[in-house]
Amino acid sequence: MNKLNFLQPDKNNLNTYLYTGVILVALSIFIVFLNSFFNKDIIYFLPGSISFFLPLILGFIGLHLIRIDYSGLKFLDSINKNINTNNFNAFLSLLIVFVIIKSLPPLLSWFILDANIAGDSKDVCTGSGACWTYIKIWFNRFMYGMYPNAEQWRINLSFIALAFLGTIGFFATEKFKKYLTLYYVAVYPVIAFFFIFFFISGGPIFFDFSYGIIAAVISIIIGFFIPSKFKMYYFIIVPITLYILLKYVFFYEELIELGKLEALEWVETGAWGGLSLTFIVSFFCLIFCFPIGLFLSLGRRSDFPIIKYFSIGMIEFWRGVPLITVLFMSSVMFPMFLPEDMFIDKLVRVIIAISLFEAAYVAEVIRGGLQALPRGQYDAAKSLGMGYWKMHILVILPQALKLVIPGIANTFLALVKDTPLIFVVGLLEIVGMLNLAKTNPEWLGFAMEGYVFASVLFFIICYAMSKYSYNLEQKYKTER
Amino acid sequence: MENRGITFGYGFLSQESSFDVQFSLIEYDGSHSYFRAYLVGLLNTILVSVIGIIFATIIGVVIGIARLSNNYLINRTAGVYVEFFRNIPLLLQIFFWYFAALRALPLPQDTEPMFGVFFLTIKGFFVPAFVWNNLDVFIYSIIAAIISIIFIRIYAKKKQENEGIQTPVLSISIGLLFILPILSFLFGGVDASVEIPVIKQLSQSGFTYEGGIKLPPELISLALALSLYTATFIAECVRAGVQGVSKGQKEAAASIGLTPNQVLKLVVMPQALRIIIPPTTNQYLNLTKNSSLAAAIAYPDLVLVFAGTALMQTGRAIEIVSITMLTYLSLSISISIFMNWYNKKIAIKEK
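Numbers given to residues run from 1 along each chain, matching the order in which its sequence is written. Chains and ligands are labelled by the order in which they are written, letters from A for the one and numbers from 1 for the other. Restriction of local features to residues with pLDDT of at least 70 applies here, the model being predicted, together with a cutoff of 80 or more for giving and counting side-chain atom pairs; totals for whole chains, interfaces and linings are based on all residues.

### What to know about the overall build of chain A
Where helices and strands are cited, they refer to DSSP runs of H or I of at least four residues and of E of at least two residues respectively, numbered from the N terminus. On a plain count of helices and strands, chain A comes out with 21 helices and one strand. Here a residue counts as buried when 20 or more other C-beta atoms sit within 10 Å of its C-beta, as exposed when there are 12 or fewer, and as partly exposed otherwise, the C-beta atoms being derived from the backbone. Within chain A, the proportion of its 480 residues that are buried is 29%. For every residue pair, C-beta atoms are placed from the backbone, and the pair is scored as a contact if these atoms sit within 7 Å. Within chain A, counting contacts between residues at least 6 apart in sequence, those at least 24 apart form 70% of the total.

Next up, the structure:
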């Protein structure tokens, strides 16, 4: 038998060291486990400070004993490599394990064991745990805000339809793949807008912009039959003439009266709220901020001083101020500059403000991508005789945008996380609704449950987004 | 604007404000001017930003290094922390700390003191305050220490460049930083005593603490949320920075005979800092701008005091919102000018 040296365990007495070490570690974990789950202190006979540190000391010695290099046991080696490389690491690992064991019972009991979900009033919440009944009762409010209960199917239906239309890209056949970009950039947002305006809001079919939209659609359809020689002039003249004709000659006021759908009740934007409002605001801001940011970033690198300094000014201004003051501005200052009879809806103002704000961040991210491209790409594109737009659309932007997918995803995430701020203008999305529900005299004292619920929701949304962006990044990664 | 009866002008700044602010660093009450109210708000914003920046840096660096650890448990714990706090909106975190976590604290009369002198109650955090005699001498001694340290550094650098001899700058600096203030205690007539908060009854059931410094719960929850949230971003910056230094650099430095300490100090850190500092400064700026969320929990910062209360009282929306935005704008533009200068200075000089 070889000599045992407990200060430097080696391979010769592997089993002795191993058994002693494993027993010590197991004992230490067992002590903490009993203490935290069953409230039993098996080392009560020791003085206070020693019984507090004893598991730590035991586990530490145990881990020291099983730290044997190249033991030949796969499991042991992987433990040593991952959590037990030296004394300091062993100590930290033990600490983390103990903290997890210690904090599990209170968390479990708060979330599940002592929590209540049955019943439909505050009285059932007698346990010391969470009161999920509160969330259950208020669930509709947290999801839809003040939207009338009877009309909520409209939101559900719109969201399901939009989600379905959004996933069309995955089912598209090769033949239609080339139209996908056009679909997502131009068609899908318009469809989404129609859904939200007509269906969720219940707005009249013919409103001020309808003439413009009709004019645009008609002129595009006719445009297919016009020889390409005249297309340029055609697209300048015809839509404007059509718009004027439609608005002032053909229909004028009658259509507005005609177009009011009686079937759907009008729900003003002030009543929208909850998680659905979070989705609506983030969706439209996402759609608007990207093209604005793209143009700003191109403008910043432009050769025309006016465009360049305008872009720099826009970017630096929006990046320099906090979002909350921007929203303040949109709610108190902006209406003063409008003509007196003109009124722009609160939600629209908020969406414009957030889009401009985030566009500045998107612009800076894209600029990073543009700067990262080697000059050769520009020169090569130019030498092929490409103009500015052709060069950017075909050569520069596809490469630059690919580089900045993580940055853009981060900006979008920041946007989603910024939406709760719209409470300053009185729009209550989910966090705002929580604060409202919290002050309800019948349901006082459940702030914790509400915030935990919203945190979990936001975590799921944002985490899914960040994982998706990571996948996208991997998908478009090309070796350079 | 004219037809709405709105006039434009900044004259209102010198008028009497006639509103009170709960918490202010400088003396302030309703008889002071609006300009002073602006200063109160600005100082409160700076206070919470500085506290947030300090804690965010400490937590961020620790978590960032933990993310690089080869210990699986530490690595994963840090990763969970980053993912968790980064993916929850800051406003929600502030509300959580303010309305849920800090509301669960005991009332002043039921509070058990921490270490005998700190009182964490629902009405705020009461900490002992130092009562100074001849505080100015003490501050002068610290300033003198810092100036002499700067001179010693310059001298040491020169000496190394000329003669190749290294001076133990760090130990001399630490020594100076301790010795001069201690000397000021011994000979400068500086004297400090500690004032411990004492509980005081206001009414039948109302209690509070007197003496010491009171940190209101608004400040605590705001600083807590800001630093926990921003720390996740700083941690990622730190991780990216250290990972950005290629292994070859360390090996090359070791192969020319530098000690591990010198490798870290002279080779790894300068290169890592070049990657770390620009995004981290950006995060500091974000933290300062995010501190405007204070308005949501009634911490009297610039937005709440000036763009909130003062705006409601005077109705001068354009002036007040423009001043507020200009303040933040000048802050961030000055930082971004500094960053551009710094970037140019540390950028690798390629031929």
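### Describing the overall build of chain B
Each helix and strand counted, chain B has ten helices and seven strands in total. Principal-axis analysis of the C-alpha atoms places the extent of chain B at approximately 75 × 60 × 45 Å. Of all 351 residues assigned to chain B, the portion counted as buried reaches 33%.

### Points about the interface of chain A and chain B
Where interface size is quoted, it is often the accessible area lost as the parts come together. Facing the 35 residues of chain A at the interface are 37 residues of chain B. Elements represented by at least two residues in the side of chain A that touches chain B include exactly helix 3 (74–83), helix 4 (87–113), helix 14 (305–320), helix 15 (323–333), helix 20 (430–438) and helix 21 (447–475) of chain A. With nine residues, the top contributor of residues to the side of chain A that touches chain B is helix 21 of chain A. Gly counts as polar in this scheme, as do all residues outside two lists: the nonpolar Ala, Val, Leu, Ile, Met, Phe, Trp, Tyr, Cys and Pro, and the charged Asp, Glu, Lys and Arg. Across the side of chain A that touches chain B, the residue classes break down as 23 nonpolar, eight polar and four charged.

### Observations regarding helix 8 (residues 260–290) of chain B
The axis of helix 8 of chain B is deflected most strongly, by about 40°, at Val268(B), and proline Pro270(B) appears within four residues downstream. Those residues of helix 8 of chain B that fall on the buried side of the exposure criterion are Ile276(B), Thr280(B), Gln283(B), Leu285(B), Leu287(B), Thr288(B), Lys289(B) and Asn290(B). Bend, at a single residue, is the angle you get between axes fitted to the 7 residues ending at that residue and the 7 residues starting at it.

### Thoughts on the packing of helix 20 of chain A against helix 3 (residues 90–101) of chain B
The contact between helix 20 of chain A and helix 3 of chain B brings their axes to 11 Å, and the two run at 20°. Considering their axes alone, helix 20 of chain A and helix 3 of chain B lie roughly parallel with respect to each other. Along this stretch, helix 20 of chain A crosses helix 3 of chain B, giving a crossing that reads as left-handed. Contacts between helix 20 of chain A and helix 3 of chain B involve Val431(A), Asn435(A) and Lys438(A) on the former and, on the latter, Leu91(B), Leu92(B), Phe95(B) and Phe99(B). When the residues that make up the contact of helix 20 of chain A with helix 3 of chain B are grouped by side-chain class, the tally is five nonpolar, one polar and one charged. Fitting a line to C-alpha atoms yields each axis, with helices limited to the stretch in contact; the angle taken between N-to-C directions then spans 0 to 180 degrees. Working rule for angles: under 35 degrees goes down as roughly parallel, over 145 as roughly antiparallel, 65 to 115 as roughly perpendicular, anything else as oblique. Rotating anticlockwise by less than a right angle from the far helix to the near helix defines a left-handed crossing, while the corresponding clockwise rotation defines a right-handed one.

### Comments concerning the domain arrangement of chain A
Residue ranges assigned to each domain were obtained from an automatic or database domain assignment. Domains assigned within chain A are domain 1 (14–113), domain 2 (138–147 + 267–475) and domain 3 (204–260). Centre-to-centre separation of domain 1 of chain A and domain 2 of chain A, based on C-alpha positions: 47 Å.

### Focus: unusual backbone geometry
Leaving glycine aside, a negative phi is the common case for residues, and trans is the common case for peptide bonds. All names here are of chain B. Positive phi outside glycine occurs at Ala298, with the angle close to 65°. Inspection of the secondary structure puts Ala298 in the loop between helix 8 and helix 9 (302–314). Judged by the 14 C-beta atoms lying within 10 Å of it, Ala298 is partly exposed.

### Quick look at the sheet that holds strand 1 (residues 119–121) of chain B
Residue and element names in this part refer to chain B. Taking strand neighbours across the sheet as the criterion, the three strands line up as 1-2-7 in an open arrangement whose pairing is antiparallel. Because the sheet does not close on itself, it has two edges, and the strands there are strand 1 and strand 7 (213–215). Pairs of neighbouring strands in the sheet enclose a mean axial angle of 15°, with direction left out of account. As paired elements, strand 1 and strand 2 (residues 124–127) share three bridges and run antiparallel to each other. Looking at strand 2, one finds that Thr121 is bridged to Gly124. For two strands to pair, DSSP has to find at least two bridges joining them.

### Let's talk about the pairing of strand 5 (residues 198–201) of chain B
Residue and element names in this part refer to chain B. Note that strand 5 and strand 6 (residues 207–210) share four bridges and pair antiparallel. Counterpart to Ile199 in the pairing with strand 6 is Tyr209. Between strand 5 and the antiparallel strand that follows it, strand 6, lie five residues.

### Some words on the nonpolar core
Leu327(A), Ile94(B) and Leu222(B) are the most contacted members of the largest nonpolar core, which totals 140 residues. Every residue in contact with Ile94(B), bar those within four places of it in the chain, is listed here: Ser221(B), Leu222(B), Ala225(B), Leu293(B), Ala296(B) and Ile297(B). The term nonpolar core refers to a group of buried residues, namely Ala, Val, Leu, Ile, Met, Phe, Trp, Tyr and Cys, whose C-beta atoms join them within 7 Å. If you look at the next biggest cluster of nonpolar residues, it comprises 14 residues, including Val32(A), Leu58(A), Ile66(A) and Ile68(A).

### Looking at the confidence of the model for chain A
Scored by pLDDT, chain A has a mean of 81; 90% of the residues are at 70 or more. A residue's pLDDT is the confidence the predictor assigns to it, expressed on a 0 to 100 scale. The element-level mean pLDDT for chain A is lowest in helix 12 (residues 254–258) of chain A, coming to 56, with helix 14 of chain A highest at 91.

### A few points about the confidence of the model for chain B
Chain-level statistics for chain B give a pLDDT mean of 82 and a share of 94% at 70 or above. The ipTM assigned to the predicted complex is 0.83, against a pTM of 0.84.

### A word on the environment of Ala186(A)
When you line up the elements, Ala186(A) lands in helix 9 (residues 180–200). Given 9 C-beta atoms within 10 Å, Ala186(A) falls into the exposed group.

### What to know about the environment of Gly145(A)
Residues and elements named next belong to chain A. Mapped onto the elements, Gly145 comes out in the loop between helix 5 (132–144) and helix 6 (152–166). Separated by 132 residues in the primary sequence, Gly145 and Leu277 place their C-alpha atoms 8.0 Å from one another. Look past the residues within four positions of Gly145 in its chain and what remains in contact with it is Ala271, Trp272, Gly273, Gly274, Leu277, Leu428 and Met433.

### Observations regarding the packing of helix 6 of chain A against helix 9 of chain A
Residues and elements named next belong to chain A. Relative to each other, helix 6 and helix 9 sit at 170°, their axes nearing to 10 Å. The pairing of helix 6 with helix 9 is recorded here as roughly antiparallel in orientation. Where helix 6 approaches helix 9, its residues Arg154, Ile155, Ser158, Ala161, Leu162, Leu165 and Gly166 are matched on the opposing element by Tyr188, Ile191, Ala192, Phe195, Ile196, Phe199 and Ile200. Residue classes in the contact of helix 6 with helix 9 are distributed as eleven nonpolar, two polar and one charged.

### With respect to the environment of Gly308(B)
Residues and elements named next belong to chain B. Tracing the backbone shows Gly308 in helix 9. Measuring from C-alpha to C-alpha, the distance between Gly308 and Ala295 comes to 8.1 Å, with 13 residues separating the pair along the chain. Not counting the four nearest positions on each side in its chain, Gly308 is found in contact with Ala295 and Val303.

### Some words on the pairing of strand 2 of chain B
Where a strand is regular, its side chains alternate between the two sheet faces. All names here are of chain B. Adjacent in sequence and paired antiparallel, strand 1 and strand 2 are bridged by two residues. Sheet topology note: the strand 2/strand 7 ladder contains three bridges and is antiparallel. If you follow Val127 over to strand 7, its bridge partner there is Ile213.

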